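# Architecture and fold: a report
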Amino acid sequence: MKLVTAIDIEQTYGEPMTLQRLGSASVLVALLLTALPVGALGAGFEYGPQGLHAVGRGGAFTVAADDASAIYWNPARLALFNGTQAYVSLNMSLMDTSFTRADVSLQRVTRDPTTGQVIYGDFYNPQPEGFPHSFETVTNSDKLFPLGASVFLVSDFGLKDWGFGIGFHAPTATGKVTFPNTFDSANKYMFSSMDTIVMYVDFSAAWKYKEWFGLGVTFQYVMVPYLKYQMAIMGPASYSNQNTPVNNSNDIITDVNVSDWGAFSMIAGFWVRPLQMFKGLKKFEIGFNARVVPYNVNATGDITISGNEQSVYANYKSTIPGELSFTYPCHIQTGIRYAYDWQGRELFDIEVDYVWENWAAMDAFYMKMLEEVEGPGVNLSAMDVTIPRNNVDTHSVRLGGQYNAIDPWLTIRLGTWWESAAQPSAWTNLDLPSWERFGVAVGASTNVYGFEIGFSYNHIFQMPRDVTDGGITQQIMDITTVDGKAGTVMRPGYVVNNGHYEGSIDVFTIGFSYTHKPKAKVRPDEILDATLDPDTMPVE
């Protein structure tokens, strides 16, 4: 991570950094240098499948996509719909995450008289009173997030080989996470809380050629009504008074509150039945779905800086307008499916999918001040800062299917899946934990006269992590003199994300749909033929 110093800012904006700028400028830069929750829309934000059928199948749904959620699972499957379907689904997630920070010891610190850099040296031996310091295990308090909703309407409008859809949905995600923000909580220099809502408005169209193959596309309008995030940084003081890995009376709370009401994306999919000529393999299918147009988010809002109750800055508060931007990456889903028909109905199917998500494209986020604002004693110029996140691409394998036990009264679904981590070990964070994980899922539904109602459950095991090479550190505002000039240097402090992590997510999904299928039309010549058939004529 590159540190932004007083010298950097002077070289960029052509004016020296003075001690009067200590308040707003230093806090802003310190905040921007931290790994913000912008990953809320990236790695870790989405925890797996959503939708009644998809959750019960463990996300193995790219090819099957047999309900209105095909709008985002694979829009090409809409061409197979006969009639009109109204669909509502609600994902409720229960996330349980804990962190036991590794014991910390105090190091000697010195300042380089030439560069002004603060150097962490060897550990005190013996350690001062209170060190090594052990932390209590912290857990998230807002465990239930009930806002993973989908509402869709799809129809063929009486057109053969065509299908259309419209609706909106939220990502499969936990958008609200809260950890303790007490004076000595283990997590406070890493992350305190997050509250985020993301919504997609969808418009879809699909076409098929007979029963051989189909193509489809979904255009998405993306909205981020709000993205809120809170963490603590260490305020200005002499470097010796800032030498603590636990807590400090100079702590400052930073709150980010931004939103974006306009971004666009597109999803495209297809399916093919390549073995139509073989009777037993008519429903061997291959499917593909991908976000082919990544979308750019440019969220604007405020950064608020204030002291906590134990801080010497308890009466200080300042709000700075800012902008946060990043690109939501592409993904690819592909799968194969086999369905077995018996006595004119589909008895069961099985599907296996592979999913690749390009989270490495979100390795950094970009923050800027939108305008010059009045700081404590001096105006603060606009500035741009790059925030590293260091995500990596993820890979997932999903296996699932369904059994129509009593058609149409009872359908049972089962599935399982595995996904690699998006957060490298050194960048493990509590805001949006995306570690290696796997899930097991089950679901059931009943369909009576076109009305379907059902329930699915998915348990996600986050693999425990023991981090010893942590890269997330305290963000400290340091008063120093560089080349004879008084200013501030944003520098890292002690590593704050070493320790033991555990977590799991339970996903509960309820879904309801109504499908209206038009009555089969009978041609006049068929009616005439029936009246002339001796077997159908009345007997006198």
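Residues numbered from 1 in each chain as written. Predicted model: local features only at pLDDT ≥ 70, side-chain atom pairs only at ≥ 80, totals over all residues. Heavy atoms only, no water.

### As for the overall build of the protein
A tally of regular secondary structure across the protein gives five helices and 26 strands. Taken across its 540 residues, the protein has 54% of its residues classed as buried. A fraction of 74% describes how many contacts in the protein between residues 6 or more apart in sequence connect residues 24 or more apart. When the accessible surface of the protein is totalled, it reaches about 23100 Å², and 61% of it is carbon and sulfur. (Helix = DSSP H or I, 4+ residues; strand = E, 2+ residues; numbered from the N terminus. Buried < 20%, exposed > 50% of the residue type's maximum accessible area, 1.4 Å probe, protein only. Contact = heavy atoms within 4.5 Å. Areas by Shrake-Rupley, 256 points an atom, 1.4 Å probe, with all protein chains shown as cover.)

### Observations concerning the packing of aromatic side chains
Considering all chains together, one arrives at 23 aromatic pairs under this definition. For the ring pair F179 and F191, a centre distance of 6.0 Å and an interplane angle of 70 degrees mean the geometry is edge-to-face. Separated by twelve residues along the polypeptide, F179 in the loop between β7 (176-178) and β8 (193-209) and F191 in the loop between β7 and β8 bring together distant segments of the chain. Summarising the burial analysis for this pair, F179 and F191 share the class buried. Through successive ring pairs, a cluster of aromatic residues spans F61, Y72, W73, Y87 and F152. Looking at R77, its charged tip hangs above the ring of W271, at a distance of 5.4 Å from the centre. Over the ring of Y226 we find K228; its NZ or CZ atom is 5.1 Å from the centre of that ring. (Phe/Tyr/Trp six-rings, centres within 6.5 Å; stacked < 30°, edge-to-face > 60°. Lys NZ or Arg CZ within 6 Å of the ring centre and 35° of its normal.)

### What to know about the pattern of salt bridges
Per the counting criterion, the structure on display carries 17 salt bridges. Between E285 and R273 there is a salt bridge; the shortest N-O distance is 2.7 Å. Taken together, the residues E285 in strand β11 (residues 284-293) and R273 in the loop between β10 (251-272) and β11 connect sequence positions twelve residues apart. Accessibility classification places E285 together with R273 in one group, the buried group. (Salt bridge = Lys/Arg side-chain N within 4 Å of Asp/Glu carboxyl O.)

### A look at the nonpolar core
Core analysis: the largest hydrophobic core is formed by 61 residues, its most contacted members being F99, M190, F191, Y295, L430 and Y501. Residue contributions to this core peak at eight residues, all from strand β9 (residues 213-237). Counting residues in each nonpolar core, the second largest holds 18 residues, with L52, I71, Y87 and A206 among its members. (Core = buried A, V, L, I, M, F, W, Y, C linked by side-chain atoms within 4.5 Å.)

### Overview of the environment of D353
Assignment of secondary structure puts D353 in strand β15 (residues 345-357). Taking relative accessible area as the criterion, D353 reaches 2% and is therefore assigned buried. When the C-alpha atoms of D353 and G335 are compared, they prove to be 4.0 Å apart, with 18 residues separating the residues in sequence. A distance of 3.2 Å separates a polar side-chain atom of D353 from the backbone nitrogen of F61. A distance of 2.9 Å separates a polar atom in the side chain of D353 from a polar atom in the side chain of T62. (Polar contact = N/O pair within 3.5 Å; in protein donor to acceptor, adjacent residues only side chain to side chain.)

### A look at the pairing of β9
When you tally the buried positions in β9, you get 18 out of 25 residues, the bulk of the element. Two elements, β8 and β9, share 16 bridges in a ladder whose sense is antiparallel. From the neighbouring strand, M199 faces β9, where its bridge partner is M223. In this structure, the hairpin formed by β8 and β9 is closed by a connection of three residues, where K210 is found at a positive phi of approximately 50 degrees. With 19 bridges joining them, β9 and β10 adopt antiparallel strand pairing. Within β10, the position partnered with Q230 by the bridge is D255. (Pairing = 2+ DSSP bridges.)

### A closer look at unusual backbone geometry
Following N125, the chain continues into P126 via a peptide bond in cis, with omega recorded as 5 degrees. Relative to the helices and strands, P126 is located in the loop between β3 (118-123) and β4 (138-139). Cis geometry is adopted by the peptide bond preceding P132, which originates at F131 and carries an omega value of -5 degrees. Phi is positive for K210, which is not a glycine, with a value near 50 degrees. Position of K210 relative to the elements: it lies in the loop between β8 and β9. Here the phi dihedral of Y449 falls at roughly 50 degrees; this positive angle occurs in a residue that is not glycine. Judged by relative accessible area, which is 75%, Y449 ranks as exposed.

### Some thoughts on a nonpolar patch on the surface
On the surface, a cluster of nonpolar side chains totalling about 1100 Å² of accessible area is made up of F157, L159, W162, W207, Y209, W212, F213, L215, F270, M277, F278 and L281. The set of elements that each furnish at least two residues to the nonpolar patch consists of β8 and β9. Along the chain, L159 turns up in the loop between β5 (144-155) and β6 (162-169). (Patch = residues over 30% accessible without salt bridge, like charges linked within 9 Å, V, L, I, M, F, W, Y side chains within 5 Å.)

### A short note on the confidence of the model for the protein
For the protein, the mean per-residue pLDDT works out to 82, and 82% of the residues sit at or above 70. This stretch, residues 1-44, has a pLDDT under 50; its non-local contacts, to residues over four places away or in other chains, come to 146 contacts. Across residues 375-381 the pLDDT falls below 50, and counting only partners more than four positions away or on other chains, this stretch makes 26 contacts in the model. (pLDDT = per-residue confidence, 0-100.)

### Description of the environment of S238
Looking at the secondary structure, you find S238 in the loop between β9 and β10. The spatial distance from the C-alpha of S238 to the C-alpha of M477 is 9.5 Å, given a sequence separation of 239 residues.

### Some points on the side chain of N248
Its place among the elements puts N248 in the loop between β9 and β10. Residue classification places N248 among the buried residues on the basis of a relative accessible area of 5%. A distance of 2.7 Å separates a polar atom in the side chain of N248 from the backbone oxygen of N241. Within the structure, the side chain of N248 is placed 2.6 Å from the side chain of N250, a separation counted as a polar contact.

### Notes on the pairing of strand β12 (residues 295-307)
Here eight bridges tie β10 to β12, and the two strands are oriented antiparallel to one another. Bridging from a neighbouring strand, N257 pairs with D302 of β12. Looking at chain direction, β12 and strand β13 (residues 317-328) are connected through twelve bridges and run antiparallel. Among the inter-strand pairings, I303 is bridged to a residue of β13, identified as I320.

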